[in-house]
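Each chain, written out:
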Amino acid sequence: MREATTMTRRTFAKAAGLAGLAAAGAGASSGLFGEAPKAFADEEASDEQIVYTHCHVNCGGACVLQCHVKDGELAYVESDTAGSSEFGGVQARACLRGRSIRRWLGSDERLNYPMKRVEGTKRGDGKYEQISWDEALDTIASEMKRIRETYGSESIFIQECSGVEQNIMMNNPFFRLSNLLGGEVTRYGSYSSASISFGAYPYVYGGSWGNRSFKTLQDGELVVMFGFSPNDMRMAGDGPGYDLAVAMEQKGVRVINIDPRRTETCTNLGAEWIPIVPGTDAALVAALAHELIANNLIDTEFVNKYVVGFNEDTMPEDAKGQHLSYYDYVKGTGYDMVEKTPEWASAITRIPAERISQLAQEIGTAKPCFICQGLGMQRHANGDNASRSVMALALMVGQVGKPGTTSGGTIGNGGIGLSSLPTGDNPVTVQFPQYLWPEAIRDGEKLTATHDGIKGADKLNVGIKMLINYGNNMMANQNGDINTTTDILRDESKCEFILQYDVAWTDSCNWADIVLPDLTPQETYSLSAAGECNDIAGIRFGQPLYEPKFERREIYEVCAELAERLGVGDEFTDGGLTREDWCRRQYDELVETVGDTYDMPTYDEGVAMGAFSYDIAPSMDNDPFIDDPEANPLTTVTGKAQIYSPEIAEMAKTWTLDESEKNAITAIPTYVPGPDSADDVTDEFPFQFVDFHHKCTTHSTYAHNPVVQEMAPFQAWINPIDAERMGISDLDTVRLTSAQGSMITQAKVTNRIMPGVIMHAQGSWHSAPAEGDRTDTGRCTNTLTSRQRNPISKGTGQHSLICAIEKVEE
Amino acid sequence: MGNGFSEAALAVFTTLAPMGACAFIVLCAACFKGAFEGVAAKTLDKAAFLPLVVVAVGFIGAFFHLASPLNAFFVFMGVGSSPLSNEVTVGVVFFVLAAVYCILAVAGKLSAGARKGLLVAVSVMAVVFSVFCGLAYTMYTIPTWDTPASVVQMLGYGLLGGGILGLLTLALADAEIARENAMAGAALSIAGLVIGVAGFAWQIMAAQSTANIWGTAADQVPAIWGLFGALAVCGIIGAAVAGTSRKKPVPAALAAAVVVVAVGIFFARIGFYGLYMSVAL
Amino acid sequence: MTQYGFYFDATRCTGCKTCEAACRDYHNLDLGTTFRHVYELEGGGWNQAEDGTWTTDSFTYYTSFACQHCDDPACMHVCPTGAMHKDENGIVSVDTGRCIGCGYCHMACPYDAPFVDRAKGHSVKCDGCKDRIAEGKQPMCVEACSMRALQFAPVDQLPEGERAAVAPLPDPELTKPNLYIKNCAAAHAVGDTSCRVANEAEVK
């Protein structure tokens with residue numbers, strides 16, 4: 001049975017009737033939650049109007065924004081006020097970011113007019129002049145045509161669009177347009193999860209498998225999280241951080257968080273924090289395995305039945321007898337021939353050996369035990385192995401595929417899958433790993449399958465000649481090593497045309513040839529599923545809060561005009577559909593597909609309600625693979641869960657690797673320090689540096705909202721012991737320097753970070769001259785990060801980094 | 001917490017108003033010594049407007065401190081409960097009394113007895129007003145201010161400044177009268193200096209050990225002893241100039257001394273506001 | 001008289017500041033000003049063993065609070081005009097037509113609740129969103145908290161909690177605040193000097 005989470009008086013009677021009718025619906029959803037929806041004060045009578053939209057910026061949530069609009073301006077924001085306000089109830093309550101959106105929409109940093117780089121200036125000079133939309137679109141259309149004709153479709157690349165992720169439109173209009181014209185080269189993987197998705201899951205489970213949300217947690221069970229901070233970054237009122245807190249309070253769940261930083265799960269919520277040297281998780285897991293073996297805590301029955309490669313018995317036939325199992329690695333009888341005792345691991349992880357032994361005892365005896373990881377750990381250069389190692393830990397104790405567990409990978413979630421604007425077929429099949437787009441510009445056809453992870457071909461045929469950035473801040477902010485990246489972009493003989501299309505003037509705009517002003521999702525029609533990471537089934541409807549201001553225009557209409565200029569206008573709009581028409585069409589199609597499972601309002605009812613949500617009851621079933629592994633094999637080459645991956649064993653022989661990647665591709669998840677690890681700190685760069693997702697921002701979205709910056713400033717977290725040694729006091733201005741670059745920021749001297757490590761919230765906007773002293777005063781951590789990549793996934797390894805810190809006088 | 005300069009308007013008020021008020025004590029002393037019986041009486045009555053103007057300037061300073069001065073008449077609503085209302089009320093009573101005295105005196109409507117009686121009343125009110133200027137800050141949630149030291153120092157500053165300002169007032173009217181009453185002015189200033197310095201030192205000492213989550217109050221104003229020194233030095237200069245007036249009062253020197261003393265007190269007041277520290281946040 | 005008060009379940013708070021953000025937005029507060037404060041306190045330290053491993057006894061906890069609508073409000077005591085007053089729900093607010101903006105309430109309040117908005121010409125502070133309360137709604141901060149850590153109701157209807165007795169808050173005996181807290185394990189008592197404010201830039 002469904003309940004509308006929000007509705008107006010106009011739709012109240014009708015929707016209430018619907019809810020009554022729907023008692024038998026929604027097999028996968030739990031019952032009705034919440035009290036009866038309340039009607040709002042009579043809108044027609046007052047000058048205040050409530051317009052529903054939502055906040056979706058790739059944090060994993062999609063929170064309801066109930067906007068109070070007066071005289072055509074946003075007066076203030078409420079969030080989800082329907083459903084149950086009790087702890088444990090479901091309301092998509094927005095976090096501080098969404099609640100502060102009013103200031104952001106009215107920010108001085110917004111883009112208002114199409115701009116072009118002043119002739120005679122170079123990219124990065126930052127000199128732009130206002131042009132008409134006609135001139136902008138004529139230029140873009142002719143460049144699309146010229147570059148496609150000169151270099152072929154493979155030379156055109158449409159970058160990911162984190163800033164408007166999840167909704168129905170995303171950057172799909174560009175793909176739809178490009179596919180009508182011959183297609184484009186595409187990327188695989190993402191900045192967020194490349195290593196776990198392309199360096200771990202496929203080789204352990206054949207793909208993402210067995211992930212369950214925190215709602216599966218059982219009374220009193222143990223949760224062990226590696227580098228995961230759901231209460232810092234996924235703060236939605238229906239998100240995983242909330243789910244975890246509910247389980248901790250209502251089910252007495254105990255949580256251990258292994259992380260270099262005390263996350264918010266370990267502040268008031270009271271989870272235990274085990275500080276660990278960044279990038280050493282695989283070493284910890286090896287020692288945990290050592291202790292599990294020593295204390296007979298390995299679930300041998302499970303391992304024998306479901307797992308490949310734990311010990312000699314479970315090795316694939318062709319790999320037997322060579323001491324290649326994980327057991328041999330741990331016992332010191334294979335690989336490096338070093339026994340992985342707690343003492344060995346404690347020297348690497350800086351976790352006391354007795355705590356490691358005790359943790360093994362706790363993990364080995366807790367049934368069920370929820371072992372999961374976040375995405376920070378896999379952004380080290382050894383992230384492929386680190387990610388796999390935590391999955392191996394869950395496999396060794398048999399804690400996967402069952403209620404109360406996840407995969408040892410990330411947590412899972414369910415929901416209603418909303419299809420975005422159809423993009424049509426792309427005839428170009430070649431793909432490169434997301435992280436390597438700068439290299440795809442610079443090195444082009446030198447990128448190969450076995451060195452750079454090119455898929456769909458042995459190599460790239462041509463470098464990127466046209467770069468289309470929509471809804472991202474990738475060029476000079478959210479990509480490792482900004483100085484190297486922008487050096488590549490500066491050379492106009494490499495990438496010949498760059499478009500930046502966004503809502504605000506980020507530093508990335510300074511590297512574009514044409515800059516277009518977008519509407520935010522709140523200023524146009526929007527439709528989003530309840531959340532990428534939230535275990536909630538629901539849809540958010542969004543109406544424009546006010547008429548477009550200045551010359552801002554939304555992407556679909558703009559791409560339709562480009563299509564018109566390029567002779568595919570009709571095909572693009574499918575006979576004249578508008579953005580709103582597509583919202584309606586995609587929603588109606590969704591109702592066709594899942595309307596039997598969930599009772600859903602019509603599109604118009606949904607618009608009036610703003611949103612609806614169903615809680616999702618956790619499945620109490622085992623995964624089919626657990627119930628019958630013969631009948632329901634995994635999609636790995638062995639059909640089982642693989643601690644030893646024959647695929648990777650093959651790669652280790654056939655792939656060509658850079659020096660830093662040597663010995664890093666191992667069929668079992670060994671600990672490989674990788675470059676710029678804790679072992680590599682020097683007098684010049686005495687600290688490890690890791691950036692993290694903080695409450696102040698999602699990636700770089702909203703980072704320049706001053707009200708959020710006041711509440712949650714971007715700071716370099718440093719331990720008091722280190723701070724004293726370096727002569728740094730709380731709130732001092734400091735300079736951070738790595739081999740790649742230098743930035744000025746503010747110190748936060750805090751016990752929440754372990755000694756030897758500096759951590760800094762990521763996402764703040766880069767601000768530095770393009771040449772000369774490129775010291776960044778915008779507190780953007782990617783000024784420091786490197787182009788390190790993971791050996792298998794070629795995903796970012798930018799958390800492998802060493803740096804210096806010094807106080808600077810203001 | 002913190003920055004005393006953000007309360008500069010209040011510092012101007014608490015420097016000038018008690019000083020102007022206490023200057024009338026010197027006039028009162030002079031009156032009892034027969035100053036108003038000679039030819040200079042008329043000039044003296046005109047000069048008496050000087051301290052009154054100083055008090056008024058102080059009040060104007062306080063006025064600028066308010067965000068809504070137009071609502072100021074509501075300030076009497078809190079008499080009895082609000083220390084600020086008490087202070088303002090006492091100040092207004094003083095000012096009216098002093099103004100009545102000045103106007104009647106200039107108009108020649110005061111008999112010798114009435115003049116004495118009025119000046120005694122004005123002098124008493126000047127002391128009471130100075131005390132209430134200090135009492136205004138004794139709020140129970142502000143431990144650094146909630147001490148007799150706040151009151152003592154305020155009284156001291158009033159007497160210190162008032163002694164010299166009173167002497168200057170006399171000197172502007174008649175050098176001989178000023179010379180005759182120099183001892184009274186100097187004594188008042190020296191007494192005020194001792195009381196004020198003692199009160200301020202007492203408060204600073206107490207602030208060393210008064211702490212909340214942000215640290216000790218004294219740490220907030222690293223220059224606090226410097227400000228104390230400024231008060232002491234300025235006060236000694238002022239008292240010395242008052243003392244030398246026993247031989248030959250020089251109006252310009254006394255005027256300069258008034259300015260020096262006012263500056264010293266102002267710095268002390270900045271220090272006082274800087275020592276503001278709430279019991280908690 | 002009814003006495004409304006806040007309840008803060010510290011065991012649920014994650015220091016996300018959504019309460020503060022929602023309040024700032026609804027009341028359209030200028031940058032640099034806030035009615036609600038979220039203090040981050042920390043203490044303890046780190047110890048390195050001979051083998052180089054680290055252990056810590058450090059702790060961190062947040063306390064979120066606005067005006068406590070005290071039984072015995074210091075701001076009202078010192079207010080010279082009576083502008084600062086308690087209404088029939090026990091909510092302390094400013095009669096803007098009477099306030100002179102002298103700032104004494106700001107000085108006296110140990111919770112840093114009222115302050116003078118010079119542009120508006122009077123003191124401003126949390127008024128418990130009394131207009132919303134009158135409509136049967138919750139204060140904005142309460143409604144915003146994604147962890148459901150805040151409540152606002154007549155005090156006899158609030159869940160059991162200690163009367164605001166946690167560092168960095170003052171001794172509740174002083175003003176008898178109507179804030180009831182379910183303390184988290186890391187909380188330290190009023191007056192504890194072993195902890196320090198860890199987010200000074202955010203609260204001062």
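Residues numbered from 1 in each chain as written. Chains lettered and ligands numbered in written order. Predicted model: local features only at pLDDT ≥ 70, side-chain atom pairs only at ≥ 80, totals over all residues. Heavy atoms only, no water.

Draft legend 1. Quick look at the interface of chain B and chain C. With 35 residues of chain B at the interface, the matching set in chain C holds 41 residues. Interface of chain B and chain C: buried area, both sides summed, is about 2800 Å²; carbon and sulfur atoms make up 64% of it. The largest contributions to the chain B side of the interface with chain C come from B:Tyr140, B:Trp214 and B:Leu281, which together make up 24% of the buried area. Here chain B is connected to chain C by zero salt bridges. (Contact = heavy atoms within 4.5 Å. Buried area = accessible area lost by both parts, 1.4 Å probe. Salt bridge = Lys/Arg side-chain N within 4 Å of Asp/Glu carboxyl O.)

Draft legend 2. Quick look at the pattern of salt bridges. Tallied over the entire structure, the rule returns 62 salt bridges over all chains. With a closest N to O distance of 4.0 Å, A:Glu129 and A:Lys116 form a salt bridge. Residue A:Glu129 is located in strand β5 (residues 128-130), and its partner A:Lys116 is located in strand β4 (residues 115-117); the two are separated by 13 residues in the primary sequence. Relative accessible area serves as the criterion here: at 35%, A:Glu129 is assigned to the partly exposed category. In this structure A:Lys116 comes out as buried when scored by relative accessible area, which is 18%. The partner of C:Arg24 in a salt bridge is A:Glu710, and the shortest N-O contact between them spans 2.8 Å. Of this pair, C:Arg24 sits in helix α1 (residues 18-26) while A:Glu710 sits in helix α24 (residues 706-711), which puts the two residues in different chains. In this structure C:Arg24 comes out as buried when scored by relative accessible area, which is 6%. Because the salt bridges share partners, they merge into one network encompassing A:Asp134, A:Asp138, A:Arg553, A:Glu557, A:Glu561 and A:Arg565. (Helix = DSSP H or I, 4+ residues; strand = E, 2+ residues; numbered from the N terminus. Buried < 20%, exposed > 50% of the residue type's maximum accessible area, 1.4 Å probe, protein only.)

Draft legend 3. Highlighting the nonpolar core. Ranked by size, the top nonpolar core spans 113 residues in total, and within it A:Phe214 and C:Leu169 carry the most contacts. Broken down by element, the residue count for this core peaks at six residues, all from helix α8 (residues 240-250) of chain A. Aside from chain neighbours lying at most four places away, what touches A:Phe214 is A:Val223, A:Met225, A:Phe228, A:Pro230, A:Pro240, A:Asp243, A:Leu244, A:Ala247, A:Phe370 and A:Ile411. Grouped together as the second largest cluster of nonpolar side chains are 81 residues, B:Ala173, B:Ala178, B:Ala182 and B:Ile265 included. (Core = buried A, V, L, I, M, F, W, Y, C linked by side-chain atoms within 4.5 Å.)

Draft legend 4. Representation of the environment of C:Ala201 within the structure. Inspection of the secondary structure assignment puts C:Ala201 in helix α6 (residues 200-203). For C:Ala201, a relative accessible area of 34% translates into the label partly exposed. Residue contacts for C:Ala201: discarding those within four places in its chain leaves A:Gln715, A:Leu731 and A:Gln746.

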